[in-house]
Amino acid sequence: MSITRSTPKNLNLIKSSLHLRYISTECTLQTPPQQQTNDSIINQAVQLLQIPHNEWNLTHLNQLIFSDSSPSPRLLFQITRRLPSSSQALEFLRYLQHNSPPSLSNTQHFSSAFQAIFELASRERDGPGKNLHDLYKLSKEWNIPLTINSATLLLRCFGRAGLVEESVVLFDELGHKNTHVCNVMIGGLLKGGRFDYAVKVLDEMLQPEAESDSRPDDVTGDIVFSWLIRNENLGRVVSAEESVEVVLKLGGFGTFPNAFWLTQMIGKLCRNGKTNVAYDLLIELMTLGAAVEAIPCNALLTGLGRCSDFDKMNKVMAKMKEMEIKPNVVTFGILINHLCKFRRVDEALDVFRSMSEGKESDGFLIEPDAVIFNTLIDGHCKVGRQEEGLDLMQKMKLQGCAPTTVTYNCLIDGYCKAGEIERGLELFDEMHREGVVPNAITVNTLVDGMCKHGRTNSAVQFLEEMQSKGLKGNAFAFSSLINAFCNVNNIGKAMQIFDQMLIDGYTPDAMVYYNLIYGLTQARRMDDAVSILSKMKEAGFCPDVVCYNGLIAGFCNKNDLDKAHEMLNDMEEAGVKPDSITYNSLISYFGKIGDFKVAHKMMRKMTQEGLQPTVATYGSLIHSYCLSGNIDKAMKIFEDMNEDASRIAPNTVIYNILIDSLCKNNNVEYALSLMDDMRVKWVKPNTLTYNAIFKGLRERKWLKRAFELMDRMTAECCDPDYITMEILTEWLSDAGETEKLRSFARGYEFSASTAETGFSKGDHEI
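Keep in mind that what you see is a predicted model, and the values were worked out from it rather than measured.

A.B. asks: I keep staring at the overall build of the protein and nothing clicks. Help me out?
C.D. replies: Within the protein one finds 42 helices and zero strands. Looking at the protein as a whole, 50% of its 766 residues are labelled buried. When contacts within the protein are restricted to residue pairs at least 6 apart in sequence, those whose partners lie at least 24 apart make up 63%. If you sum the accessible surface of the protein, you get close to 37,700 Å²; carbon and sulfur atoms cover 51% of it.

Given below as structure tokens:
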């Protein structure tokens, strides 16, 4: 259906069709003359209409409303809207239809009264839904055209009640739709998830032939822009590209998002990984003439910075200059921050100079604040340029920008990471002299720096001194100490620090628990390790597969299979799936105790779980078979490694195990063939390999082959150890080959000296 503007000459057409709707020309109810008289009529009429309609005094009512002249639409509107309910107002309209003189036969005259009925119904409890829709259908049956206010009210109420289809039907029936009606319709459609139809309405507003009073305005933009930012995808998912297309459509007609909406859009696109789309949107809006400010540009620069797209960042800055959009201190801060994050410190310095040493006429002269100085200083320290960072702090002071705690923390961290702990402590003292208050991060940084550079005891003393002065670190400082003591196998001290940490009320993180469990298992203090595991669970942390692997391996090393099995069950109950390392520990254990049946069973279970045996898996079995004297079985597993099914290349450790076992069993020929196999497969022998072979050759008195291997060992720069020299000294001395021994020893000494200086024999020859 469509609405046309009602005039007397189309009245018959209206009566002949129930499908044609139009908006009444009485869009605005005009105030009639003789206001005082009308007020009296309204008051009397409302008083007469307060009683049930079957008790109305029709004679008195007719005289009051129709006596002197035809009642104006505004008079009917005022009477109707003051009635107590929509049902009573509807009875009044029926009365008007049946009692009006022929001059009021035009149904358009009653549009204002029906508008009042809609308003009354909308305020009633069940009004916004079905009741309003029923009234709308009744207005069509009676051929009473809608005022523009009625149409707007219905669309708004239908939208709030979720009657999207009813809104669509009503809107389609309207002939002329002004901007306000379209705005209400678009808002309801978007709320109902009908994005496609909303775009269709918007397209109609944007058509060249659309009337001037139906063009989009700022309200249209606010409705659309707000929904694009906050939409919850109640209908189909709207892509970033579709959203941008709608924004640019509005922009083509001069309706642009304000700084807030545009910033929100750019930020949302960047967060959703659509940074290039955000870039295209902003550049296109600038080209269309939108009054873009620095804030949305900053949002785009932030997104581009996260993607390290510095080329587009430069283009945005160039476009800002072209459009005379003045960057602010945040703009430059974003550029400097992201350049520093990606270690492009020199470029960050260039940006810093351009903002602080630029020309006022360019609009780029901006005083850097403490945040920008701190960012630059931190960037320099992170790339090991602490001295330049220190110079920047001096420049900061000269420009009247006081260094903050963050400034000193960045410098202290830089010096500590470089191992210059004393310089860090000097800066810490300077903080006190300058009146800059250190914080927990300052303490943490110094403690961590000392721990990582072997000054753990100094770190403990420093932390105790700070705590006595009321300057405490936090859990990070304790974690650094615990990790440091665990790394040097001082588990007792690590546990002492851990207990103190709990006493002081600090909450350990997962890494503290992991490090303690690892350290305790390495020290074979398995009961303590299990105790820490329990505390870890109580603290709400879930042990990972690495943690469980350490515990299982620890119990296997102590031959406590029951506890290892308990850990395995605990692991599976926690939903942590065993990995190849878990199975390798168990396979190694069963192999060492000679239970090869269970070891192979574990290996089969491993493959059933979808885990491929590793070189460590095969190595454990080979080593176990060699220890039990079953060289043939060990060699069979070694050969299985080379099959296509596994494709696991044996490493030096496996070759060493086999070569050592073969030599001990007087099978030097096979051992030598394995060394040749190592060369073919590019597996480099080490000192242990040669030691095993030399022992075997000595037993067989194969002196010539020993000389060949000595030359090969020297050529490969494989340094002999004291065992090598002990074997060869005893053998070659007895054989009268002391000169060969001296030559070999000189080669060893030469090799050792070049290792210290960093030059090789080949370097000298060149």
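Read on, since the account is not over.
A.B. asks: How should the pattern of salt bridges be read in this particular structure?
C.D. replies: Pairing is possible between side chains of opposite charge, provided their charged atoms come close. Applying the stated rule across the entire model yields 33 salt bridges. Notably, a salt bridge pairs Arg 525 with Asp 528, separated by 2.9 Å at the nearest N-O pair. Take Asp 528: its relative accessible area is 29%, and that puts it in the partly exposed class. Lys 664 is paired through a salt bridge with Asp 660; the nearest N and O atoms lie 3.0 Å apart. Of the two residues, Lys 664 and Asp 660 are both situated in helix 36 (residues 652-664); the distance of four residues between them amounts to about one turn of the helix. Within the structure, one salt-bridge network assembled from shared partners comprises Asp 346, Arg 385 and Glu 388.

A.B. asks: What is the right way to look at the nonpolar core in this model?
C.D. replies: Note that soluble globular proteins tend to have their nonpolar side chains buried in a common cluster. In terms of nonpolar packing, the biggest core is built from 245 residues, with Phe 114, Ile 622, Ile 659 and Phe 694 touching the most fellow members. Sequence-distant contacts of Phe 114, that is, excluding residues within four places in its chain, are made with Leu 90, Leu 93, Leu 135, Leu 138, Ser 139, Trp 142 and Ile 144.

A.B. asks: Help me understand unusual backbone geometry in this model?
C.D. replies: Phi is mostly negative for residues that are not glycine, and the peptide bonds are mostly trans. Phi at Arg 343 takes a positive value of approximately 65 degrees, unusual for a residue other than glycine. The residue Asn 489 is not glycine, and still its phi comes out positive at about 65 degrees. Within the element layout of this structure, Asn 489 appears in the loop between helix 26 (475-487) and helix 27 (491-503).

A.B. asks: Sorry, what's going on with the packing of aromatic side chains here?
C.D. replies: Applying the stated criterion across every chain yields a total of 16 aromatic pairs. For the pair Phe 428 and Phe 462, a centre-to-centre distance of 5.5 Å together with 70 degrees between the ring planes defines the contact as edge-to-face. A residue pair is termed long-range when its members are at least 10 positions apart, and Phe 428 in helix 23 (residues 421-434) and Phe 462 in helix 25 (residues 456-468) qualify at 34 residues. Pairing Phe 498 with Tyr 513 gives two aromatic rings, centres 5.8 Å apart and planes at 75 degrees, and the pair type is edge-to-face. With Phe 498 in helix 27 and Tyr 513 in helix 28 (residues 510-522), this pair connects stretches of sequence that are 15 residues apart. The exposure classification of Phe 498 matches that of Tyr 513, with both residues buried.

A.B. asks: In this structure, what is going on with the environment of Thr 445? I would like to understand it.
C.D. replies: Among the structural elements, Thr 445 can be located in helix 24 (residues 440-452). Linking Thr 445 and Cys 416, residues 29 residues apart in sequence, is a C-alpha distance of 7.5 Å. Apart from residues lying up to four places away in sequence, Thr 445 is in contact with Ile 412, Asp 413 and Cys 416. Looking at Thr 445, its side chain comes within polar contact range of the main-chain oxygen of Ile 441, at 2.7 Å.

A.B. asks: Hey, could you run me through the confidence of the model for the protein in this one?
C.D. replies: Interpretation of this model should avoid reading the predicted coordinates in detail wherever pLDDT is low. Confidence in the prediction of the protein, expressed as mean pLDDT, is 84, and 89% of residues score 70 or more. Looking over the protein, one finds the lowest element-wise mean pLDDT in helix 42 (residues 761-765), namely 33, and the highest in helix 22 (residues 405-417), namely 95. Within the model, the stretch residues 1-22 combines pLDDT values under 50 with 60 contacts to residues more than four positions away or in other chains. Long-range and interchain partners of residues 749-766, a stretch whose pLDDT sits below 50, account for eight contacts in this model, where long-range means more than four residues apart.

A.B. asks: I keep staring at helix 20 (residues 370-382) and nothing clicks. Help me out?
C.D. replies: At 3.6 residues per turn, the α-helix brings residues three or four places apart onto the same side. For helix 20, with 13 residues, the first-to-last C-alpha span of 18 Å sits near the 18 Å given by 1.5 Å per residue. Among the 13 residues in helix 20, ten count as buried, and that is most of the element. Along helix 20, the residues classified as buried are Ala 370, Ile 372, Phe 373, Asn 374, Thr 375, Leu 376, Ile 377, Gly 379, His 380 and Cys 381. Elements in contact with the buried residues of helix 20: helix 18 (329-341), helix 19 (345-356), helix 21 (386-398) and helix 22. Positive backbone phi, approximately 80 degrees, marks Gly 384, located one or two places after helix 20.

A.B. asks: How should helix 22 be read in this particular structure?
C.D. replies: An ideal rise of 1.5 Å per residue puts 18 Å on 13 residues; helix 22 measures up with 18 Å between its terminal C-alpha atoms. Within helix 22 the residues assigned to the buried category are Thr 405, Thr 407, Tyr 408, Asn 409, Cys 410, Leu 411, Ile 412, Asp 413, Gly 414, Tyr 415 and Cys 416. Check the buried side of helix 22 and you find it contacts helix 20, helix 21, helix 23 and helix 24. Just beyond helix 22, the residue with positive phi is Gly 419, at close to 85 degrees.

A.B. asks: Would you mind showing me how to read the environment of Gly 629 here?
C.D. replies: Along the chain, Gly 629 falls in the loop between helix 34 (615-627) and helix 35 (631-641). The spatial distance from the C-alpha of Gly 629 to the C-alpha of Leu 662 is 10.0 Å, given a sequence separation of 33 residues.

A.B. asks: What exactly am I supposed to notice about the packing of helix 37 (residues 668-680) against helix 38 (residues 687-700) here?
C.D. replies: Axes are the key here: two packed helices are described by the angle between their axes and the distance separating the axes. Direction vectors running N to C along helix 37 and helix 38 enclose 150 degrees, while the axes themselves pass 10 Å from each other. Judged by the angle between their axes, helix 37 and helix 38 are roughly antiparallel. Two packed elements cross with a definite hand, and for helix 37 against helix 38 that hand is left-handed. For the pair helix 37 and helix 38, the contacting residues are Val 668, Glu 669, Ala 671, Leu 672, Met 675 and Met 678 in the first and Thr 689, Tyr 690, Ile 693, Gly 696, Leu 697 and Arg 700 in the second.

A.B. asks: Please explain the environment of Lys 592 as it appears in this structure.
C.D. replies: As for its position among the elements, Lys 592 is in helix 32 (residues 580-592). A relative accessible area of 54% means that Lys 592 is categorised as exposed. Separated by 35 residues in sequence, Lys 592 and Leu 627 place their C-alpha atoms 7.9 Å apart.

A.B. asks: Explain the side chain of Ser 620 here, please?
C.D. replies: Looking at the secondary structure, you find Ser 620 in helix 34. Assessed through its relative accessible area of 14%, Ser 620 is described here as buried. Residues contacting Ser 620, with those up to four places away along its chain left out, are Asn 584, Ile 587 and Ser 588.

A.B. asks: I would appreciate a short explanation of the packing of helix 18 against helix 19 in the present structure.
C.D. replies: As a packed pair, helix 18 and helix 19 sit with axes 8 Å apart at the nearest point and diverge in direction by 165 degrees. Put simply, helix 18 runs roughly antiparallel to helix 19. The handedness of the crossing between helix 18 and helix 19 comes out as left-handed. From helix 18, Val 329, Phe 332, Leu 335, Ile 336, Leu 339 and Cys 340 reach across to helix 19, where they touch Val 345, Glu 347, Ala 348, Val 351, Phe 352, Ser 354 and Met 355.

Quick notes on the rules
- Residues numbered from 1 in each chain as written.
- Predicted model: local features only at pLDDT ≥ 70, side-chain atom pairs only at ≥ 80, totals over all residues.
- Heavy atoms only, no water.
- Helix = DSSP H or I, 4+ residues; strand = E, 2+ residues; numbered from the N terminus.
- Buried < 20%, exposed > 50% of the residue type's maximum accessible area, 1.4 Å probe, protein only.
- Contact = heavy atoms within 4.5 Å.
- Areas by Shrake-Rupley, 256 points an atom, 1.4 Å probe, with all protein chains shown as cover.
- Salt bridge = Lys/Arg side-chain N within 4 Å of Asp/Glu carboxyl O.
- Core = buried A, V, L, I, M, F, W, Y, C linked by side-chain atoms within 4.5 Å.
- Phe/Tyr/Trp six-rings, centres within 6.5 Å; stacked < 30°, edge-to-face > 60°.
- Polar contact = N/O pair within 3.5 Å; in protein donor to acceptor, adjacent residues only side chain to side chain.
- pLDDT = per-residue confidence, 0-100.
- Expected span 1.5 Å × (residues − 1).
- Axes fitted to C-alpha atoms, helices over the stretch in contact; angles between N-to-C directions.
- Parallel < 35°, antiparallel > 145°, perpendicular 65-115°, else oblique.
- Left-handed = near helix turned anticlockwise from the far one by under 90°.

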